[in-house]
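# A structural walkthrough
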Amino acid sequence: MNSDKAAPIYFGALFSTSGVMASKEELLLSAARFAMDEVNNAGGIDGREVKIIHYNPGSDPVHYRHFANKLITEDHVKLVFGCYMSSARIAVKPVFEQHNAFLFYPAQYEGFEYSKNIVYGGAVANQNCANLAAYISRNTPPRVFIVGSAYIWPRESARTLTELVSAHSGSVVGEAFFKLDAVREDFEALIQHIKRTNPDVIFCNLVGPTVSLFYQVYAAANLDPAKMPIVSLTTSETHVQEMGIEFAVGHITAAPYFQSIQTTTNKATLKRFAAWMDRPFVTNMGWEATYSQFNLLTEAIAQIGSTDVELLSKALVSNKFEAPQGRIFLDEETNHTYLWPRIGRVNEEGQFDILEESRMPIRPDPYLTRHQNVAWSLAHAT
């Protein structure tokens, strides 16, 4: 990276604007660009403008790896935001480790990973799946049917939920995993099977366009969210808009961030984002994580006056950021982020009513080596 004190500071972005993940990752790209413009409008980093070099991997893990190499070896950019699916993160991980560069990864994921070259900004199981399992098990041991996409994140999160529900004396009564290009007929057959199985809840970790298809087929089968809700770690405000609000009302998601939370910082950030977008929008957990990671990084660079990866690795873990979800910071042992777990239910406006939320940021435990008692407060009557 150019050491000229007047030269711009370049970050990379690996977010897809085509393919099955486009609708999800375009919002993450907008969060990075919004954060960049805020930094530049405030004078940059020590007077230096921040710029983003973006490549579109087209939702293909092979392309993520190719463009990660290109950013680092040709563009000489070692600070990169990107990826959503675990398959993409796994594809680029060796590239960042080989070249000692940083990937800022904003998505919730299955855990059981560590890299000194990845800053993990999304929730791991003890920050979303554990509290979801506790919530659905509160009144009686639940019977759960699991539906997901056929790749590592949904399968591993299904395994984790199975273990957590079993600890509450619940059981998994069925599983089904689908390709990312599954069609409506696939889910119509599945829903009939689910109706016969009659679980208490459906745990859904589909991604991409299949999310909308599944919720729409559920509604067409006249199933009732009050009796058999779909619960998820991934279904967000953007999915709700894509599928149609009427298909999402009453269903539940566990995440550290919802657009509807009433923190002072969230309300102020949304107001600025609305002015920046100048058109209707929704945000989600990935948007918030990307925005927050961008600010964690720029504040660390300003603090030490350098973009050196080794120096930044120390500065990042000592830094805190007042994020829209609450104050966040990194865990020095794991490079994952302290987050604020919440559970929300979709309302008729397409936003989430907050059912429960943590009173404190929860330390990430990507390997589920400890079971932390989370302090919850009931935000609204359920």
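Residues numbered from 1 in each chain as written. Predicted model: local features only at pLDDT ≥ 70, side-chain atom pairs only at ≥ 80, totals over all residues. Heavy atoms only, no water.

## Brief notes about the nonpolar core
- Core analysis: the largest hydrophobic core is formed by 122 residues, its most contacted members being F11, L79, V147, L190, I194, F214 and F294.
- Considering each element in turn, this core owes the most residues, nine residues, to helix α1 (residues 22-41). (Core = buried A, V, L, I, M, F, W, Y, C linked by side-chain atoms within 4.5 Å. Buried < 20%, exposed > 50% of the residue type's maximum accessible area, 1.4 Å probe, protein only. Helix = DSSP H or I, 4+ residues; strand = E, 2+ residues; numbered from the N terminus.)

## Details of the environment of A302
- Position of A302 among the secondary structure elements: in helix α11 (residues 285-304).
- Judged by its relative accessible area of 37%, A302 is partly exposed.
- Considered as a pair, A302 and T234 are 68 residues apart in the sequence and their alpha carbons are 33 Å apart.
- In this structure, A302 is in contact with I45 and D46, ignoring residues within four places of it in sequence. (Contact = heavy atoms within 4.5 Å.)

## A word on the pairing of strand β6 (residues 143-149)
- Taking burial as the measure, the seven residues of β6 include six buried ones, the bulk of the element.
- In this structure, β6 lies alongside strand β7 (residues 171-178), joined through seven bridges in parallel fashion. Bridging from a neighbouring strand, V144 pairs with V172 of β7.
- Between the parallel elements β6 and β7, the chain passes through helix α5 (residues 152-167) in a crossover that is right-handed.
- Inspection of the sheet shows β6 paired to strand β8 (residues 201-205) by five bridges, in the parallel sense. Counted as the bridge partner of F145 is I202 from β8. (Pairing = 2+ DSSP bridges. Right-handed = clockwise from strand over helix to strand, strands pointing away.)

## Looking at the side chain of S149
- The topology assignment puts S149 in strand β6.
- According to the relative accessible area criterion, S149 is buried, its value standing at 0%.
- For S149, the contacting residues outside a window of four places in its chain are P154, F177, F178, L180, N205, L206, V207 and T210.

## What to know about the sheet that holds strand β3 (residues 79-82)
- In space, the five strands of this open sheet follow the order β2-β1-β3-β4-β5, with parallel pairing throughout. Two strands lie at the open edges of the sheet, namely β2 (50-55) and β5 (118-120), each paired on one side alone. Between one strand axis and the next, the sheet turns through 25° on average, direction left out of account.
- Here six bridges tie strand β1 (residues 9-14) to β2, and the two strands are oriented parallel to one another. Looking across to β2, one finds that L14 is bridged to Y55.
- The sheet contacts of helix α3 (residues 86-98) involve β3, β4 (102-105) and β5, and relative to β4 the element is tilted by about 165°. (Axes fitted to C-alpha atoms, helices over the stretch in contact; angles between N-to-C directions.)

## A short note on the pattern of salt bridges
- Counting across every chain of the model gives 13 salt bridges.
- Linking E356 and R138 is a salt bridge whose minimum nitrogen-to-oxygen distance equals 2.1 Å. With E356 in strand β15 (residues 352-358) and R138 in the loop between α4 (129-136) and β6, this pair connects stretches of sequence that are 218 residues apart.
- A salt bridge links E322 to R327; the nearest nitrogen and oxygen atoms lie 2.6 Å apart.
- Residue classification places R327 among the partly exposed positions, given a relative accessible area of 41%.
- Through salt bridges with shared partners, a single ionic network connects R89, E110 and E113. (Salt bridge = Lys/Arg side-chain N within 4 Å of Asp/Glu carboxyl O.)

## Brief notes about the confidence of the model for the protein chain
- Across the protein chain, the average pLDDT comes to 94, with 96% of residues at or above 70.
- Contacts from residues 372-382, a stretch scored under 50 in pLDDT, to residues over four places away or in other chains number 32 contacts. (pLDDT = per-residue confidence, 0-100.)

## Some remarks on the sheet that holds strand β13 (residues 337-338)
- Strand order in the open sheet made by the three strands is β11-β12-β13, with antiparallel pairing throughout. The open sheet has two free edges, formed respectively by β11 (320-323) and β13, since each of these has just one partner strand.
- Sheet strands in contact with α11 are β11 and β12 (326-330), and its direction is about 145° off that of β11.

## Thoughts on the side chain of R89
- Considering the arrangement of structural elements, one finds R89 in helix α3.
- On the basis of relative accessible area, R89 is assigned to the buried category, the value being 0%.
- Polar contacts involving the side chain of R89 include one to the side chain of Y105, which spans 3.2 Å.
- Filtering out sequence-adjacent residues up to four positions away, R89 remains in contact with C83, L103, Y105, Y109, E110, E113, I118 and Y120. (Polar contact = N/O pair within 3.5 Å; in protein donor to acceptor, adjacent residues only side chain to side chain.)

## Quick notes on helix α7 (residues 210-220)
- Across the 11 residues that make up α7, a large majority, eight, are buried.
- Every buried residue belonging to α7 is among T210, V211, S212, F214, Y215, Q216, V217 and Y218, and all of these are buried.
- Buried residues in α7 make contact with β6, α6 (184-197), β8, β9 (230-232), α8 (237-243) and α9 (245-248).
- Residue N222 follows α7 closely and has a positive phi angle near 60°.

## Looking at the environment of M21
- Residue position: M21 is located in the loop between β1 and α1.
- By relative accessible area, which is 1% here, M21 ends up buried.
- Distance in space between the C-alpha atoms of M21 and W276 is 23 Å, their sequence separation being 255 residues.
- If near-sequence neighbours (up to four positions away) are discounted, M21 is found in contact with S16, S59, Y84, M85 and G208.

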